[in-house]
Amino acid sequence: MNIVAMCIGYIIMCLAAGGAIAATAIWVSLLSNRAQHALLNSFGGWKVFMEYRTWLNERKTDSSARDAE
């Protein structure tokens, strides 16, 4: 009986530790996501970022075409 109780206790402790680690990982990813969105909003938001991304990709494509000639 004592062995069964110890096994159940160990299982519960391992599950609790795994849950705590998972909760910490989720919290860190949410915090990182919020920080990235705050940084992006300080530069003008998603619209400005997408316009810059399009401009940069077009510029890279143009320079690649010029290098191929």
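So, how was this worked out
- Residues numbered from 1 in each chain as written.
- Predicted model: local features only at pLDDT ≥ 70, side-chain atom pairs only at ≥ 80, totals over all residues.
- Heavy atoms only, no water.
- Helix = DSSP H or I, 4+ residues; strand = E, 2+ residues; numbered from the N terminus.
- Buried < 20%, exposed > 50% of the residue type's maximum accessible area, 1.4 Å probe, protein only.
- Areas by Shrake-Rupley, 256 points an atom, 1.4 Å probe, with all protein chains shown as cover.
- Lys, Arg positive; Asp, Glu negative; His and termini not counted.
- Charge placed at Lys NZ, Arg CZ, Asp CG, Glu CD.
- Patch = residues over 30% accessible without salt bridge, like charges linked within 9 Å, V, L, I, M, F, W, Y side chains within 5 Å.
- Salt bridge = Lys/Arg side-chain N within 4 Å of Asp/Glu carboxyl O.
- Disulfide = S-S within 2.5 Å.
- Expected span 1.5 Å × (residues − 1).

A short note on the overall build of the protein
The helix and strand tally for the protein stands at 2 helices and 0 strands. Along the three orthogonal principal directions, the C-alpha set of the protein runs to about 80 × 35 × 10 Å. By the burial criterion, 3% of the 69 residues in the protein qualify as buried. Looking at the protein as shown, the accessible area adds up to about 6300 Å², and 69% of this sits on carbon and sulfur atoms. Put simply, the protein has 6 plus and 5 minus side-chain charges, and the middle of one group is 13 Å from the middle of the other.

Notes on a nonpolar patch on the surface
A contiguous nonpolar surface patch, about 280 Å² in accessible area, is contributed by Val4, Ile8 and Ile12. Overall, the relative accessible area of 53% leaves isoleucine 12 in the exposed class.

Considering the state of the cysteines
What the rule picks out here adds up to 0 disulfides. Of all cysteine sulfurs in the structure, the one in cysteine 14 sits closest to cysteine 7, which takes part in no disulfide; the separation is 11 Å. A relative accessible area of 40% places cysteine 7 in the partly exposed class. Judged by relative accessible area, cysteine 14 falls into the exposed class, the value being 57%.

Re helix α1 (residues 2-42)
Along its 41 residues, α1 runs 60 Å from first to last C-alpha, staying within 8% of the 60 Å computed at 1.5 Å per residue. Positive phi shows up at glycine 44, right after α1, with a value of about 120°.

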